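Residues per chain are reported as follows:
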Amino acid sequence: MTDGLDQVARFLFEAGTLKQSKRTGWWMAGVRDPESVAEHSWRTSLIASVIAKLEGADPARAAFLAVWHDSQETRTGDINHLAKKYADEADPQAVTTDQVSGMPKVLASTVRDLVAEYEARESAEAICARDADKLECMLQGIEYKAQGYELAQRWIDNSRGRLVTKTANALADQLLATHPLDWLRSTLGEQR
């Protein structure tokens, strides 16, 4: 069982770099210190579980897919949509295969299968995870706009337009009608 754990240990350090890797598209909206890939992935996983549960899909599976959806960015960086116009996009499945090389076979195959399922966007859980990715971007845009970054509206609109599931679309409408601090005001019993 300890065979390949050296590679797992190296990967865990590699995965930690996502905590410092910034989501670069937000720089075009003027955000000086945007969220990290890890921050985005965490909330995407949470949202994926919510969407999946409400859509009748497996919330744990959707969250699991979302956890790994940007793991390749340890090696490619966060390539925003403008950069994709000029640079060939790295194949997430090929990057993942390199990342898990040398890991225990049961783990390596699981991770490769997760990334392949997410990229194929055919299972209900993968569709929910993809919607969660877009919804998280929209949610982050709403928060940045509330902080004064008016140019974030482009990300809000683009993300909103890419949602597929009924739940993600309904949740997007609710998010657009909710102030980012409504949760705090409600918890403290304040009127808005």
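As a starting point, this report considers the structure included with it. Quick caveat, the model's predicted, so the values are computed rather than measured.

## Observations regarding the overall build of the protein
Working step 1: Check the secondary structure of the protein and you find 11 helices and zero strands.
Working step 2: Overall, the protein shows an N-to-C arrangement of helices and strands of α-α-α-α-α-α-α-α-α-α-α.
Working step 3: For 192 residues, the compact-globule formula gives about 16 Å, and the C-alpha radius of gyration of the protein, at 18 Å, lands near that figure.
Working step 4: Viewed in the frame of its principal axes, the protein has a C-alpha envelope of about 60 × 40 × 30 Å.
Working step 5: Intrachain contacts of the protein at a sequence separation of at least 6 include 65% that bridge at least 24 residues.
Working step 6: Surface exposure of the protein reaches about 10800 Å², of which carbon and sulfur atoms provide 55%.

## As for helix α3 (residues 59–68)
Working step 1: Every buried residue of α3 is accounted for by Ala62, Ala63, Leu65, Ala66 and Trp68.
Working step 2: Where α3 is buried, its residues meet α1 (5–16), α2 (37–55), α7 (105–120) and α8 (124–146).

## Some words on the layout of surface pockets
Working step 1: The computed volume of the largest pocket comes to approximately 870 Å³.
Working step 2: Lining the largest pocket are 31 residues, with Ile79, Asn80, His81, Lys84 and Lys134 sitting closest to its centre.
Working step 3: Mapped by element, the contributors of at least two residues to the lining of the largest pocket are α4 (73–76), α5 (81–86), α6 (92–100), α7, α8 and α9 (153–160).
Working step 4: Of the residues that constitute the lining of the largest pocket, the class distribution is 10 nonpolar, nine polar and 12 charged.

## A short note on the environment of Ser45
Working step 1: Relative to the elements of secondary structure, Ser45 occurs in helix α2.
Working step 2: In this structure, the C-alpha to C-alpha distance between Ser45 and Cys128, residues 83 residues apart in sequence, is 10.0 Å.
Working step 3: Every residue in contact with Ser45, bar those within four places of it in the chain, is listed here: Ala63, Ala66 and Val67.
Working step 4: At 2.9 Å, the side chain of Ser45 forms a polar contact with the backbone oxygen of Ser41.

## Considering the pattern of salt bridges
Working step 1: Tallied over the entire structure, the rule returns 10 salt bridges.
Working step 2: In this structure, Glu14 and Arg75 form a salt bridge, with 2.8 Å as the shortest nitrogen-oxygen distance. Of this pair, Glu14 sits in helix α1 while Arg75 sits in helix α4, and the two are 61 residues apart along the sequence.
Working step 3: A relative accessible area of 42% places Arg75 in the partly exposed class.
Working step 4: Through salt bridges with shared partners, a single ionic network connects Arg43, Glu136 and Glu143.

The rules behind these values
Residues numbered from 1 in each chain as written. Predicted model: local features only at pLDDT ≥ 70, side-chain atom pairs only at ≥ 80, totals over all residues. Heavy atoms only, no water. Helix = DSSP H or I, 4+ residues; strand = E, 2+ residues; numbered from the N terminus. Rg over C-alpha atoms; globule rule 2.2 N^0.38 Å. Contact = heavy atoms within 4.5 Å. Areas by Shrake-Rupley, 256 points an atom, 1.4 Å probe, with all protein chains shown as cover. Buried < 20%, exposed > 50% of the residue type's maximum accessible area, 1.4 Å probe, protein only. 1 Å grid on protein atoms, 1.4 Å probe; cavity = no way out; pocket = protein on both sides within 12 Å on 5 of 7 lines; lining within 4 Å. Points joined across faces, edges and corners; volume = space filled by probe spheres on them. Nonpolar A, V, L, I, M, F, W, Y, C, P; charged D, E, K, R; others polar. Polar contact = N/O pair within 3.5 Å; in protein donor to acceptor, adjacent residues only side chain to side chain. Salt bridge = Lys/Arg side-chain N within 4 Å of Asp/Glu carboxyl O.

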